[in-house]
Amino acid sequence: MADTPGAARADIIRHAPPPGADAARDWPRLVVEDVTPRVDGGTFAVKRIVGETVVVEATVFTDGHEQLAAELLWRAVDEERWRRVPMAPLPTDRWTASFTPDRLGRHEFAVEGWLDLWGGFRRDFAKKRDAGVAQDVDAMEGRGLVAEAAARATGELKATLAGWQARLEAAPQDTALLLDPDLATAMAAADARPFALRSDPQLLDAERIAARFSSWYELFPRSITPDAARHGTFDDVIGRLPQIRDMGFDTLYFPPIHPIGKTNRKGPNNTLTPGPDDPGSPYAIGSADGGHDAVHPELGGFESFARLVEAARGHGLEIALDFAIQCSPDHPWLTEHPGWFAWRPDGSMKYAENPPKKYQDIVNVDFYGPDAVPGLWVALRDVILLWIEHGVKTFRVDNPHTKPLPFWEWMIADVRARHPDTIFLAEAFTRPTMMYRLAKVGFSQSYTYFTWRDTKAELTDYIVELTSEAPRDFYRPHFFVNTPDINPVFLQTSGRPGFRIRAVLAATLSGLFGVYSGFELCEADPVPGKEEYNDSEKYIVKPRDWNAPGNIIQDIAMLNRIRRQYPALQTHLNTKFFVAGNDSIIWYGKPDPDGAGMICVMVNMDPHQGQECTFQVPLWEFGMDDNGSVAVEDLAEGYRFRWYGKDQFIRIEPDQPYRIWRLTAEQAA
């Protein structure tokens, strides 16, 4: 049946008609879209470092053949005026420019486009003039645009354009004047910017360099003692600082240092039958001596902690603390604020669990309990602010994925509004969606799946994901080789070569590299069938011989030395994988920021036997054909040689499982 105009039909949806043409005339004529970098369309902030160049691109176009102009606008959020940078056109309607944040904290940037009438006139007039088809009316059009600009300009610019207007009118046949670059500069300054359109602002957080590049060393202060019967102290840790410094670390991280509860205290290897002198797990936070705002008495008081912070600073180390939002049943908050916790129907305490695991020495707070908001949220924020007052600006957060995202977004924003140099590391071994969301809401760094990526294919795929997909703009991967909770299966069975393999991979693939103490001694004694350490340090005082035979201290010191020396190793984003014809040999490069050279790393990932392959030297990265040659410096061994030609052969044995070379295009002597 034919549709009758205006008639209602049940199978047709008729939307409201648009406003009139006079209103549509004012709709944007330009399109400014796909501004990058951005995170979730601008909902969350892009992450960068102070002093790091931020390259911005956008798609800007309009109808017809009109010439456009575009600018990048950027500012710190406490600034009223935008800073402006002209954008350069790229193919397919893309435009680009860059800026460099010079202060810590929140910034914003946007892109503005408009019709460039004078630029379009100059482009077309030059073509006509060069082809000999320019007419007087074309020149008249140009003079008219100058007159309009002079009329709307003010001050010195008005005088300048009036002078140009007079010159053009006095010499109408001198058409070259219309193409003068000085006139173009004056016209750009007076541009009325017709049909100007600005994108929505995008957010950017500029953090200090340690948010992207740092080497962490984790230790339990209580274990810095020669005798398991004597609890270590902060003053004992001061004596260990020179060795940690000499290994090249810049961040010294402690598990919780607060009073440890006695109720349901855990004994060695997580048993429920502790002896009277067993120290318990530091994650069972709180006792009669205090909670998250107190120091475990056997470690020393705040004065001792202050001495440690100052001594660490003198060795180029900063202290990082664990922020674990959990309490022992003895934590003062349970009696002072029972409404901050979850209770069972029978009135008993609800202990922490991750079925089938149970944590009888720990209870969790209830973020949405009857008295939790704002009391609990503010108290937790104030814990961070307290430790900042005591010289700590870096926090590793325990299991943040088990706490509400709104809390993290609020708390981190509140702390960083006061202290923009604060860094938060998310210890969240969970689903990628949650790990990425934690980074979006404010965490500066994140633990990763690196710990379980043992093969060439697994590592390559993972790094490609982090460097070429959306996470590149907000997720900074921290490659810890081990943790007190994770004794990787690879290390349990690989011996000393395996520790060297994992160290070089972590230290050269990411700008963020972490080691839990004992790794340098190749400790790997497992609980059978589990990724756990036998005689775990979480439950005992564990003295060590820090110079035990078979250690890899020299490897770690060398890796941290070249990480500091070569900026190419201070980020994961520049990683490029190259062809090596063996699935057990991984081969990748990291170009210098200034393009002067490239750090290249080759690792035999088989800790048990030698592997060999033909591999490709990345001559193309230096603009060379397959017959070119590059100078090579072995950064681990200190010798130099040259490669001639793209295809080379190598065999790598487990007793020296890696090579680190720096390639440059130096001419042969």
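Reading guide: rules and limits
Residues numbered from 1 in each chain as written. Predicted model: local features only at pLDDT ≥ 70, side-chain atom pairs only at ≥ 80, totals over all residues. Heavy atoms only, no water. Axes fitted to C-alpha atoms, helices over the stretch in contact; angles between N-to-C directions. Helix = DSSP H or I, 4+ residues; strand = E, 2+ residues; numbered from the N terminus. Parallel < 35°, antiparallel > 145°, perpendicular 65-115°, else oblique. Left-handed = near helix turned anticlockwise from the far one by under 90°. Contact = heavy atoms within 4.5 Å. UniProt positions renumbered as here; feature names shortened; annotations may be inferred. Buried < 20%, exposed > 50% of the residue type's maximum accessible area, 1.4 Å probe, protein only. Nonpolar A, V, L, I, M, F, W, Y, C, P; charged D, E, K, R; others polar. Pairing = 2+ DSSP bridges. Expected span 1.5 Å × (residues − 1). Bend = angle between axes of the 7 residues up to and from the residue.

### Brief notes about the packing of helix α10 (residues 405–418) against helix α11 (residues 432–441)
- Running from N to C, α10 and α11 cross one another at 30 degrees; their axes reach a closest spacing of 9 Å. With respect to α11, the element α10 is oriented roughly parallel. Between α10 and α11 the crossing geometry is right-handed. Note on element contacts: α11 touches α10 through Met-434, Arg-437, Leu-438 and Val-441, opposite Leu-405, Trp-408 and Glu-409.

### A few points about the UniProt feature "site: Transition state stabilizer" (unreviewed entry) in the protein chain
- When the UniProt feature table is mapped to this numbering, "site: Transition state stabilizer" (unreviewed entry) covers Asp-485.
- By relative accessible area, which is 31% here, Asp-485 ends up partly exposed.
- Beyond its immediate sequence surroundings of up to four residues, Asp-485 is in contact with Glu-427, Glu-531 and Lys-538.

### Overview of the packing of helix α13 (residues 489–509) against helix α14 (residues 553–565)
- Two elements in contact, α13 and α14, have axes separated by 10 Å at closest approach and are oriented at 10 degrees. Taken together, the axes of α13 and α14 are roughly parallel relative to one another. Along the contact surface, α13 presents Arg-496, Arg-500, Ala-503, Val-504, Ala-507 and Thr-508, while α14 presents Asp-555, Leu-559 and Arg-563.
- Looking at the contact of α13 with α14 residue by residue, the classes come out as four nonpolar, one polar and four charged.

### A word on the sheet that holds strand β7 (residues 94–99)
- In space, the four strands of this open sheet follow the order β1-β3-β7-β6, with antiparallel pairing throughout. Each edge of the open sheet is held by one strand with a lone partner, namely β1 (31–36) and β6 (88–89).
- Relative to strand β3 (residues 54–61), β1 runs antiparallel, the two being bridged by four bridges. From the neighbouring strand, Val-31 faces β3, where its bridge partner is Phe-61.

### Considerations on helix α6 (residues 234–246)
- Here α6 contains 13 residues, and its C-alpha end-to-end distance of 19 Å stays within 8% of the 18 Å for a straight helix at 1.5 Å per residue.
- In the structure, α6 departs most strongly from a straight axis at Arg-240, where the bend amounts to approximately 40 degrees and where the proline Pro-242 lies between one and four residues downstream.
- For α6, the set of buried residues is Phe-234, Val-237, Arg-240, Leu-241 and Ile-244.
- Taken together, the buried residues of α6 touch β11 (214–218), β12 (251–254) and α7 (302–314).
- Once α6 ends, the next one or two residues include Gly-248, with phi positive near 95 degrees.

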